[in-house]
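Remarks on the overall topology
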Amino acid sequence: MKGSAVIDRRSFVGGTLGALVAPVLAAPAVAQARPRVVVIGGGAGGATAAKYLVAAGAELDVTLIEANRSYVTPFTSNQFLGGLKPYETLVYGYDNLIGRGVRPIFAPVAAIERSDRQVRLADGTRVPYDRLIVSPGIDFRWADVPGYSEEAAERMPHAWRGGDQLLLLKRQLDALEDGAVVVIVAPPNPYRCPPAPYERASMMAHALTTRGVKGARIVILDAKDHFAMQPLFEDAWERHYPGMIEWQDPKMHGGIKAVDPKAMTVTTDLETHKAALVNVIPPQVAGALGRAAGLTDETGFCPVDAGTMTASVDPNIHVIGDAAIGGDFPKSGFAANNEAKNTAMVIRHMLLGARLLPVRFTNHCWSVIAPADAIKNGARYEPRDGKIVMLDPYTSQRDETPELREKQAKEAIGWYRGMTTDIFG
Ligand SMILES: Cc1cc2nc3c(=O)[nH]c(=O)nc-3n(C[C@H](O)[C@H](O)[C@H](O)COP(=O)(O)OP(=O)(O)OC[C@H]3O[C@@H](n4cnc5c(N)ncnc54)[C@H](O)[C@@H]3O)c2cc1C
């Protein structure tokens, strides 16, 4: 089904779809055999989108452009740090997607040439598109932490995007000795996976405890005055790792004045910490490509229409995953996967007249504090007036039984298996 069938169904997406459909169909759907959809970024959002674009048939020409040949899931990387899973279990390739009909290009994208509807690769090759999905993940506001930089991250890793940084952080963690001080610099909102810095502190404490390291301390210097599921984390820290993890809000530490990767110090308004390991998780923005393509606003992220994930500044581009902003979007792999599936549906509707269901999604996030003690929170989401709205949020309770916490830890393992199969299977 092509052409006018699309127009008939346009009222489904809050009235915005109609305005977008006409310019898209005018040239490409008529002029060539298969409309071309290009996806940039083969992570939780982009890989899911590519898979679901080809899943229902071969009517679309789908190209996935990803800088690397394999992807390391940031989700559950804390469990790797904690010694609960090997690194290899975090690594995924793209063979299954290729087998399903996705055309891969493994190269960094240098630019999106929006006026010509084409993507320019680092080697100068141009890849034209009828619709483009951008899922480049996050980048950092490096300079917002005085003294921090990409170079400094080689001594004080952020490990917030998987890969070599994660391996470096694990090596540093495994080398810590009795009495070691660990400092985690936690970012301001909005950032990728709100509970993850605190899950990371838990998993570091677990690794140190398991290895029998004595007298180690983990100091979290936070940019926020509270964090996700704080009472639950603090309660569990006292039970599993008494006296080991100390959290300071900005009122207490007074702000990070400097980090010095050579001296391995972090100076706040209150004191200077001499640390054996410093994990700086800097303030975040959309992946660099989003900014270079002019898709971002003053927040540093890419505003979108929540019903279609269409970029506010360009009706031919959809932005999904952590790079997108527009209401209560959670920055999680779970959400990126959901947004990708909705976007694939919207694009198949726009280009092929395929069935369009109401856009809805959920997000559930498990945080593993100890091997048999996991907490979770979540909500469902739907678009209203172009923004995503959070509905029915829930969170674990402090008085949960050990059995329930253990069940949730098993759920977290099952979720990861299901999610990675859905993305890469
Ligand atoms: C420690 C930690 C724990 C987490 N735990 C959870 C959890 O329990 N549950 C959960 O749901 N989420 C979790 N997350 C969050 C989750 O990892 C992210 O929200 C998710 O990966 C976002 O998907 P994305 O597609 O936006 O970005 P990514 O998954 O980062 O993918 C972006 C991809 O784009 C590619 N790319 C970027 N720029 C270019 C370019 N110019 N050219 C070509 N390719 C490019 C990158 O190489 C990358 O592969 C966690 C994150 C961290 C850091």
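Residues numbered from 1 in each chain as written. Predicted model: local features only at pLDDT ≥ 70, side-chain atom pairs only at ≥ 80, totals over all residues. Heavy atoms only, no water.

Residues in close proximity to the ligand total 33 residues, the closest being G45, E66, Y71, R192 and F334. Residue A44 places a main-chain N or O atom 3.3 Å away from an oxygen atom belonging to the ligand. Taken by itself the ligand offers 1000 Å² of open surface, and the protein chains cover 91% of this. Elements with a minimum of two residues in the shell around the ligand: α4 (44-55), α5 (77-81), α8 (196-210) and α12 (333-352). The element best represented in the shell around the ligand is α12, accounting for three residues. In the shell around the ligand, the residues fall into 16 nonpolar, 12 polar and five charged. Each of domain 1 (4-139 + 285-359) and domain 2 (142-282) gives at least three residues to the shell around the ligand. (Near = heavy atom within 4 Å. Polar contact = N/O pair within 3.5 Å; in protein donor to acceptor, adjacent residues only side chain to side chain. Areas by Shrake-Rupley, 256 points an atom, 1.4 Å probe, with all protein chains shown as cover. Helix = DSSP H or I, 4+ residues; strand = E, 2+ residues; numbered from the N terminus. Nonpolar A, V, L, I, M, F, W, Y, C, P; charged D, E, K, R; others polar. Domains from an automatic or database assignment.)

Further remarks concern the UniProt feature "domain: Flavocytochrome c sulphide dehydrogenase flavin-binding" (unreviewed entry) in the protein. Mapped onto this numbering, the UniProt entry gives "domain: Flavocytochrome c sulphide dehydrogenase flavin-binding" (unreviewed entry) at residues 360-424. The span residues 360-424 is 35% helical and 48% strand by assignment, and the distance between its end C-alpha atoms comes to 22 Å. (UniProt positions renumbered as here; feature names shortened; annotations may be inferred.)

A word on the sheet that holds strand β2 (residues 61-66). The eight strands lie next to each other as β5-β2-β1-β9-β21-β20-β19-β22, forming an open sheet whose pairing is mixed. Pairing within the sheet leaves two strands with one partner each, and these edge strands are β5 (103-106) and β22 (324-325). Where β2 lies against β5, four bridges are found, and the strand directions are parallel. Bridge pairing in β5 places L64 opposite P104. Helix-sheet contacts for α12 involve β1 (36-40), β9 (131-134) and β21 (314-319), and the interaxial angle to β9 is about 175°. (Pairing = 2+ DSSP bridges. Contact = heavy atoms within 4.5 Å. Axes fitted to C-alpha atoms, helices over the stretch in contact; angles between N-to-C directions.)

Attention now moves to the pairing of β9. Neither face of β9 is exposed, since R131 and I133 on one face and L132 and V134 on the opposite face are all buried. In the sheet, β9 pairs with β21 via three bridges, with the strands oriented parallel. Bridge assignment links L132 to a residue of β21, and that residue is I317. (Buried < 20%, exposed > 50% of the residue type's maximum accessible area, 1.4 Å probe, protein only.)

What follows concerns the layout of surface pockets. Considered as a void within the structure, the second largest pocket measures approximately 750 Å³ in volume. Elements supplying a minimum of two residues to the lining of the second largest pocket: α9 (230-240), β22, β23 (361-370), β24 (373-384) and β25 (387-395). Each of domain 1 (4-139 + 285-359) and domain 2 (142-282) gives at least three residues to the lining of the second largest pocket. (1 Å grid on protein atoms, 1.4 Å probe; cavity = no way out; pocket = protein on both sides within 12 Å on 5 of 7 lines; lining within 4 Å. Points joined across faces, edges and corners; volume = space filled by probe spheres on them.)

Moving on, we come to the packing of α4 against helix α13 (residues 402-424). Helix-helix packing: each pair is described by the crossing angle between the helix axes and the interaxial distance. With their axes 7 Å apart at the nearest point, α4 and α13 run at an angle of 55° to one another. Looking at the two axes, α4 sits oblique to α13. Contact residues: A44, A47, T48, K51 and Y52 in α4; T421, D422, I423 and F424 in α13. The class makeup of the residues in the contact of α4 with α13 is five nonpolar, two polar and two charged. (Parallel < 35°, antiparallel > 145°, perpendicular 65-115°, else oblique.)

Take the nonpolar core next. With 133 residues, the main nonpolar core has I112, V119, W237 and V319 as its most contacted residues. Counting contributing residues, this core receives three or more from each of domain 1 (4-139 + 285-359) and domain 2 (142-282). In contact with W237, not counting residues within four places along its chain, are Y198, A201, S202, I220, F227, P242, I245 and I369. If you look at the next biggest cluster of nonpolar residues, it comprises five residues, including V346, M350, L356 and V359. (Core = buried A, V, L, I, M, F, W, Y, C linked by side-chain atoms within 4.5 Å.)

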